[in-house]
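Residue strings, one per chain:
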Amino acid sequence: MRKIEFFKHNIDQEDIARVVDVLQSVFLTNAGVTKEFEQKFSEYLGIKNTIVVNSCTAALHLSLLALGIGEGDEVITTPMSFVATSNSILHAGAKPVFVDIEEDTGNIDANLIEAAITPRTKAIIPVHLYGSMCDMKKIKEIADRHRLKIIEDCAHCIEGERDGIRPGQLSDAACFSFYATKNITSGEGGAISCNGDALAEKLYKLRLHGINKDAASRYTSTYKHWDMEVLGWKYNISDIQSALLIGQLEKIEDRLAKREELARFYEVEFDKNAIIYVKTPIGAKSARHLFVIKTDKRDEVIAELQKSGVAIAVNYLPIHLNSFYKQNMGFREGDYPVAEKFGSQCVSLPLYPKLDLESISYICKTVSSTIRELHGV
Ligand SMILES: *Cc1c(COP(=O)(O)O)cnc(C)c1O
């Protein structure tokens, strides 16, 4: 039977050779490769500083802490995301406040944010779902009016752009993921990019115990005494992982172009068959992280795709309906109806540069004929 993976990474021989170089060097962590990637990533985004950490979850957590958000504070975010987004708010000791989403993009509905603001609100975490940016101009206006911080969850969106704005440009901090299935990956990993220099200094410190010198300068240059100034976390990654990211970043636009081509193929096929898919907002360049269709026969479509050897994912069942959130925070079905409907209809289809057109064609046919049969036409 045919087997179409949901995702295949793009780590190539050059990337592996870079890892081997690190393995053959004296010092395996923080001897310069992570720094090199941080500089290149900042350059790519057009942002002053990047702080690499071991996950996007850690990036979100540290950003909240460094911006002074904690106990007693509320942070507005979307229920249509991976649990990491709102978990990071809980990790910081603050309270996640969900705002419902736009039906067509799945992104937080900026028009509903203001109604959710209370005297305790300190920040907004928009998530650029599937690679399409939220309406950052509108969100920035609201944040300025109410003196709120913005931390972007850019786990899906390194390459995106909307209304001339790119990730990190209108926020205090932008958080990225290099988890195994993301657009560039080190297996596990993440980063915070920000223009604030004082904020960056805090973040460098917080990712390594709150120590004022990183491991490299403690061991590789002449010995200097160091001091732990605040209580930080152990959130750094090693140069072994960072070595994987440098080459992938160099090829990031080529690979986006390939995913764009594949996504367009899906779109043309699905338009022909009246299948609904999540569209890129007008004026936006999507990072094309995930390709998502919506159908009220979602679970039947999933079963048929899996029977046909096509791996899929669901991104996402809404966060507030997870047991933990229901039991500990009092959320109930019906709280965010748009997100709940979206979460009952969405299926993510394979989308990665190694996917060939023949496979996509096969996926399109399977989806279209399944939905047609289920609707009895
Ligand atoms: C993957 C993901 C995260 C978490 O990333 P990690 O690097 O695994 O911590 C956060 N938010 C969204 C939207 C994600 O898809």
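Up top is the structure these notes are about.
Now for a quick tour of the structure. Treat the numbers as computed from the prediction; the structure is a model and nothing was measured.

Take the nonpolar core next. If you look at soluble globular proteins, the nonpolar side chains tend to sit buried side by side. Ranked by size, the top nonpolar core spans 28 residues in total, and within it Val53, Leu64, Val75, Ile192 and Leu203 carry the most contacts. Put simply, the parts of the chain that give this core at least two residues each are β1 (49-53), α3 (56-66), β4 (121-125), β7 (173-177), β8 (190-194) and α6 (197-206). In terms of residue count, α3 provides more of this core than any other element does, 7 residues in total. Not counting the four nearest positions on each side in its chain, Val75 is found in contact with Leu64, Ile69, Ile89, Ala94, Lys95, Pro96, Val97, Ala123 and Ile125.

Spatial strand order, β9-β11-β12: 3 strands in an open sheet with antiparallel pairing. Edge positions in the sheet fall to β9 (276-277) and β12 (346-349), since each of these pairs with one other strand and no more. Taken together, the 4 bridges between strand β11 (residues 291-294) and β12 define a ladder with antiparallel strand orientation. Each residue of the ladder has a partner; that of Val292, found in β12, is Ser348. Along the sheet face, helix α9 (residues 252-272) touches β9, β11 and β12 and points at about 15° away from the line of β11.

As a further point, take the environment of Phe265. By the element assignment, Phe265 lies in helix α9. When its relative accessible area of 24% is taken as the criterion, Phe265 is described as partly exposed. Residues Phe265 and Asp15, spaced 250 residues apart in sequence, show a C-alpha to C-alpha distance of 29 Å. Excluding its chain neighbours within four sequence positions, the residues that come into contact with Phe265 are Leu357, Ile360 and Ser361.

Bringing empty space enclosed by the protein into the picture now. By the definition in use, this model includes 1 cavity of 30 Å³ or more. Roughly 100 Å³ of internal volume is contained in the largest cavity. Lining of the largest cavity is provided by Thr105, Leu129, Tyr130, Ser132, Val278, Lys279, Thr280, Ser286, Arg288, Leu290, Phe291 and Val292. Of the residues in the lining of the largest cavity, the class split is 6 nonpolar, 4 polar and 2 charged.

Pairing is mixed across the open sheet formed by 7 strands, whose spatial order is β1-β8-β7-β5-β4-β2-β3. Across the chains shown, the open sheet's two edge strands, defined by having one partner strand only, are β1 and β3 (95-98). When strand polarity is set aside, the average angle formed by the axes of neighbouring strands in this sheet is 25°. Where β1 lies against β8, 5 bridges are found, and the strand directions are antiparallel. Within β8, the position partnered with Ile51 by the bridge is Ile192. On top of the sheet, helix α5 (residues 136-145) reaches β4 and β5 (149-153); it is set at about 150° to β5, its chief contact. Contacting β1, β7 and β8, α6 crosses the sheet at an angle of about 20° to β1.

This next bit is on the packing of α3 against helix α4 (residues 84-91). For the pair α3 and α4, interaxial distance at closest approach is 9 Å and the crossing angle is 40°. With respect to α4, the axis of α3 lies oblique. Crossing geometry of α3 relative to α4 is assigned as right-handed. Along the contact surface, α3 presents Thr57, Leu60, His61 and Leu64, while α4 presents Ala84, Thr85, Ser88, Ile89 and His91. Residue composition of the contact of α3 with α4, grouped by class: 4 nonpolar, 5 polar and no charged.

Turning to the site of the ligand, a few remarks are in order. Residues in close proximity to the ligand total 16 residues, the closest being Thr57, Asp153, His156, Ser177 and Lys182. Here His156 contributes a side-chain N or O atom positioned 2.7 Å from an oxygen atom of the ligand. Within the side chain of Lys182, a nitrogen or oxygen atom sits 3.2 Å from an oxygen atom of the ligand. Taken by itself the ligand offers 390 Å² of open surface, and the protein chains cover 93% of this. When each cavity is represented as a set of grid points, the ligand is found to reside in the largest pocket. At the level of secondary structure, the elements contributing two or more residues to the shell around the ligand comprise α3 and α4. Taken together, the residues of the shell around the ligand break down into 7 nonpolar, 7 polar and 2 charged.

Here we take up the layout of surface pockets. Within this model, the largest pocket holds a volume of roughly 520 Å³. Taken together, 31 residues line the largest pocket, and the ones lying closest to its centre are His156, Tyr179, Thr181, Lys182 and Tyr316. Put simply, the parts of the chain that give the lining of the largest pocket at least two residues each are α3 and α4. Of the residues forming the lining of the largest pocket, the biggest block, 3 residues, is contributed by α3. The class makeup of the residues in the lining of the largest pocket is 15 nonpolar, 12 polar and 4 charged.

Cut-offs and rules
Residues numbered from 1 in each chain as written. Predicted model: local features only at pLDDT ≥ 70, side-chain atom pairs only at ≥ 80, totals over all residues. Heavy atoms only, no water. Core = buried A, V, L, I, M, F, W, Y, C linked by side-chain atoms within 4.5 Å. Buried < 20%, exposed > 50% of the residue type's maximum accessible area, 1.4 Å probe, protein only. Helix = DSSP H or I, 4+ residues; strand = E, 2+ residues; numbered from the N terminus. Contact = heavy atoms within 4.5 Å. Pairing = 2+ DSSP bridges. Axes fitted to C-alpha atoms, helices over the stretch in contact; angles between N-to-C directions. 1 Å grid on protein atoms, 1.4 Å probe; cavity = no way out; pocket = protein on both sides within 12 Å on 5 of 7 lines; lining within 4 Å. Points joined across faces, edges and corners; volume = space filled by probe spheres on them. Nonpolar A, V, L, I, M, F, W, Y, C, P; charged D, E, K, R; others polar. Parallel < 35°, antiparallel > 145°, perpendicular 65-115°, else oblique. Left-handed = near helix turned anticlockwise from the far one by under 90°. Near = heavy atom within 4 Å. Polar contact = N/O pair within 3.5 Å; in protein donor to acceptor, adjacent residues only side chain to side chain. Areas by Shrake-Rupley, 256 points an atom, 1.4 Å probe, with all protein chains shown as cover. Sits in = over half its atoms within 2 Å of the grid points.

This is a description of form; function is not addressed.
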